[in-house]
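Read off the chains here:
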Amino acid sequence: MDVAAMVAVAHQRLRLRRLLVAIERDPRILEGIDMIDIKRPIELAGMRSRLARAKKLETDIAATGRRYDRVLDKIDEQHKALQGHAGELESNASQLDQLLGTMLAGDNGGPNDGDTASSGSEGGQVINGVKAS
């Protein structure tokens with residue numbers, strides 16, 4: 001063995017012995033030293049499978065997000081179509097209201113449907129062929 005290597009090992013042993021003596025005199029020194037946790041290597045051993053699982057979850061979530069977006073796009077398209085249809089229905093309803101309003105309008109000076117003997121001088125109103133006084 002090389003002399004320099006032997007001197008280095010001796011210095012290392014001396015430092016360790018001094019540390020042990022200092023710990024024996026004051027055990028509180030151990031509180032400041034970061035002790036290696038035995039669980040860490042065991043926990044790290046399971047990380048590979050956890051990382052693979054996380055990657056799969058990330059892929060699955062992205063696929064679900066794409067499906068969700070497609071459904072929302074279809075709903076938006078259907079909503080736009082319904083908005084146009086609702087506008088057409090409102091227009092049709094308005095036209096029907098106007099038509100019914102003109103059909104149900106009061107006396108316009110001409111004979112009522114089915115009234116053959118209508119004269120304004122007799123007075124009274126004819127309802128279903130029966131004269132009301």
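As the structure is a computational prediction, the values presented were derived from the model and not from experiment.

What counts, and where the lines are drawn
- Residues numbered from 1 in each chain as written.
- Predicted model: local features only at pLDDT ≥ 70, side-chain atom pairs only at ≥ 80, totals over all residues.
- Heavy atoms only, no water.
- Salt bridge = Lys/Arg side-chain N within 4 Å of Asp/Glu carboxyl O.
- Helix = DSSP H or I, 4+ residues; strand = E, 2+ residues; numbered from the N terminus.
- Buried < 20%, exposed > 50% of the residue type's maximum accessible area, 1.4 Å probe, protein only.
- Patch = residues over 30% accessible without salt bridge, like charges linked within 9 Å, V, L, I, M, F, W, Y side chains within 5 Å.
- Areas by Shrake-Rupley, 256 points an atom, 1.4 Å probe, with all protein chains shown as cover.
- Lys, Arg positive; Asp, Glu negative; His and termini not counted.
- Charge placed at Lys NZ, Arg CZ, Asp CG, Glu CD.

Novice: Help me out: how do you make sense of the pattern of salt bridges in this one?
Specialist: Oppositely charged side chains may form a pair once their charged atoms are brought near each other. Under the criterion given, the structure shown has one salt bridge. The residue Asp60 makes a salt bridge to Lys56 at a minimum N-O spacing of 3.0 Å. With a gap of four residues between them, Asp60 and Lys56 both fall in helix H4 (residues 47-103), about one helical turn apart. With relative accessibility at 34%, the residue Asp60 sits in the partly exposed group. Look at Lys56 and you get exposed, because its relative accessible area is 52%.

Novice: Help me understand a positive patch on the surface, please; the structure alone is not making it clear to me.
Specialist: A contiguous patch of positive charge, built from Arg66, Arg67, Arg70 and Lys74, is present on the exposed surface. Looking at the element boundaries, Arg66 is found in helix H4. A relative accessible area of 49% places Arg66 in the partly exposed class.

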